[in-house]
Amino acid sequence: MPTVTLTPLAASRTTPVVITAAAGTAVTSGNDYVFANDGNSRLVILNSSSSNTVTVITPNTVDGLSITDRTYTVASSANVVIGPFPTSVYNNGSGQVTFTVSQNAEVFVIRG
């Protein structure tokens, strides 16, 4: 699986983020996607296909036990916001969150 890095968009009271499919990043099944996470990042999924499973990888452990990956089911034609992602649970050694999708979708990562 190739790993694709997504750049988070900064949202603020003065800088709105426009959420349209044309402005998102097209993601496909079969790839790993990563984004820098400061604990305040959110993942926006615009799902125009059939039901989609988004899996957020949890690379860390608690008392030596693996943490189960978090999965989200996004209904057909639904748009969802997922997050924030606590860094101690979701960040890999590079300070990034990794996720996969089961169907093609448009994605935004928003911080702020």
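Scroll up to find the structure this text is about.
Residues numbered from 1 in each chain as written. Predicted model: local features only at pLDDT ≥ 70, side-chain atom pairs only at ≥ 80, totals over all residues. Heavy atoms only, no water.

**Some remarks on the pairing of strand S6 (residues 52–56)**
Step number 1: When you tally the buried positions in S6, you get four out of five residues, the bulk of the element.
Step number 2: Inspection of the sheet shows S6 paired to strand S11 (residues 96–101) by three bridges, in the antiparallel sense. Bridge pairing in S11 places valine 54 opposite valine 101. (Buried < 20%, exposed > 50% of the residue type's maximum accessible area, 1.4 Å probe, protein only. Helix = DSSP H or I, 4+ residues; strand = E, 2+ residues; numbered from the N terminus. Pairing = 2+ DSSP bridges.)

**Things to note about unusual backbone geometry**
Step number 1: Backbone torsion omega between glycine 83 and proline 84 reads 5°, so that peptide bond is classified as cis.
Step number 2: Position of proline 84 among the secondary structure elements: in the loop between strand S10 (79–82) and helix H1 (87–90).
Step number 3: Phi at aspartate 63 takes a positive value of approximately 55°, unusual for a residue other than glycine.
Step number 4: Looking at where aspartate 63 falls in the secondary structure, it is placed in the loop between strand S7 (61–62) and strand S8 (65–66).
Step number 5: Exposure remark for aspartate 63: the relative accessible area of 77% places this residue in the exposed category.

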